[in-house]
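Residue-level structural notes
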Amino acid sequence: MVNKYGVRSLLNILDLSVEELDSLIATALDIVDNPQAYRSRCQGKKLATLFFEPSTRTRLSFEAAMYELGGQVIGFSEANSSSASKGESVADTAKVISCYADIIAMRHPKEGAPMVAAMNATIPVINAGDGGHNHPTQTLADLLTIYREKGGFENLTIGMCGDLKFGRTVHSLIDAMSRYPGVQFVLISPEELKVPSYVRQFMEEHQIPFLQTTDLEQVMPNLDVLYMTRVQRERFFNEEDYLRLKDSYVLTPAKLTGAKATLSILHPLPRVNEISVAIDEDPRACYFKQVLNGKLMRMALILKLLGV
Ligand code: NCD
């Protein structure tokens, strides 16, 4: 999205073209090969991390990314420690922070809050997760992981399992992968946690093959990628429903019996109970590599949006 000041922000993964994604991946891989060349690219630049909702990985990943580029970081990690607790609007916060920093990474429990920030800021805003909606930089981590594991994106059967209703990482990854030929989705969830209707409509409109099921083991042999997700407790209206659904899917070695030897298992983390720790040593487990890939892609994204 480009705002009235001509400033470009990243709110949705579809804001980036396939060519731009290719170029971010190329930059991330170049950072792996030539880390020295990037050490001071963002010298004199500041990233503001505005986190109105708890996070470990995403916030620290952004901060580590900026430090590794030679830049500096300011920000807050909970709404209580910001002026939002005094009633300041997101629009005003964005205008204020534009005077202090060069780029913003914002996480917010309300869907659309980073868009309001992006409309009002005079510096780029990166959506670091808005409610149950989108999480484009997690998708950048997922894409680099799939690329490094599979060598490309075409003709993959991608299983997504768990909380597909509230899982914002799922929605952004479906958007991103839907642009590659031959991709199909297998959506595995309890009835109550199926993808929202706007996501289903998106797949229908773009004629992307997808199957909805509750049975993980039955579809396991078909999958090239299995994307496990946490049941998003904080987005449930009542605790009883959460308790009933939280352990719907627990990936164990036994459940992988029918899986391909080349399967890649991803998870945006944090993991609660969805993947048994016994799987961590399986060569198909990619979720900790995914964390490193997230930092590399955030470095590439910051460079792109700052134009350095
Ligand atoms: C995800 C998120 O915040 O949506 N985590 C992350 O950014 N790595 C997934 C989750 O919280 O379950």
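Here we come to the nonpolar core. If you look at the biggest cluster of nonpolar residues, it comprises 57 residues, and the most contacted ones within it are Met-160, Ile-174, Met-177, Phe-185 and Met-203. The dominant element in this core, judged by the number of residues it contributes, is helix α10 (residues 287–306), at 9 residues. Lining this core are residues from two domains, each supplying at least three of them: domain 1 (13–134 + 294–306) and domain 2 (137–291). The contact partners of Met-160, leaving out residues within four places of it in the chain, are Val-170, Leu-173, Ile-174, Phe-185, Val-186, Leu-187, Ile-188 and Tyr-227. The next biggest cluster of nonpolar side chains, apart from the first, holds 20 residues, and it includes Leu-223, Met-228, Ala-259 and Leu-269.

Right, let's get into the environment of Ala-48. Its location among the elements puts Ala-48 in strand β1 (residues 46–51). Note on Ala-48: relative accessible area 1%, which makes it buried. Sequence separation between Ala-48 and Met-106 is 58 residues; the distance between their C-alpha atoms is 8.2 Å. Excluding residues that lie within four positions of it along the chain, Ala-48 makes contacts with Ile-74, Ile-97, Ala-101, Ile-103, Ile-104 and Ala-105.

Turning next to the site of the ligand. Around the ligand sit Arg-57, Thr-58, Arg-107, His-135, Gln-138, Arg-168, Thr-169, Arg-230, Gln-232, Pro-268, Leu-269 and Pro-270, and those are all the residues in its vicinity. Pro-268 places a polar main-chain atom, nitrogen or oxygen, 3.0 Å from a nitrogen atom of the ligand. Relative to its unbound accessible surface of 310 Å², the ligand loses 95% to contact with the protein. Broken down by secondary-structure element, the contributors of at least two residues to the shell around the ligand are α2 (57–68) and α6 (168–177). Grouping the amino acids of the shell around the ligand by side-chain chemistry returns 3 nonpolar, 5 polar and 4 charged. Shared between two domains, the shell around the ligand holds at least three residues of each, these being domain 1 (13–134 + 294–306) and domain 2 (137–291).

What counts and how
Residues numbered from 1 in each chain as written. Predicted model: local features only at pLDDT ≥ 70, side-chain atom pairs only at ≥ 80, totals over all residues. Heavy atoms only, no water. Core = buried A, V, L, I, M, F, W, Y, C linked by side-chain atoms within 4.5 Å. Buried < 20%, exposed > 50% of the residue type's maximum accessible area, 1.4 Å probe, protein only. Helix = DSSP H or I, 4+ residues; strand = E, 2+ residues; numbered from the N terminus. Domains from an automatic or database assignment. Contact = heavy atoms within 4.5 Å. Near = heavy atom within 4 Å. Polar contact = N/O pair within 3.5 Å; in protein donor to acceptor, adjacent residues only side chain to side chain. Areas by Shrake-Rupley, 256 points an atom, 1.4 Å probe, with all protein chains shown as cover. Nonpolar A, V, L, I, M, F, W, Y, C, P; charged D, E, K, R; others polar.

Shape descriptors only; they carry no functional weight alone.
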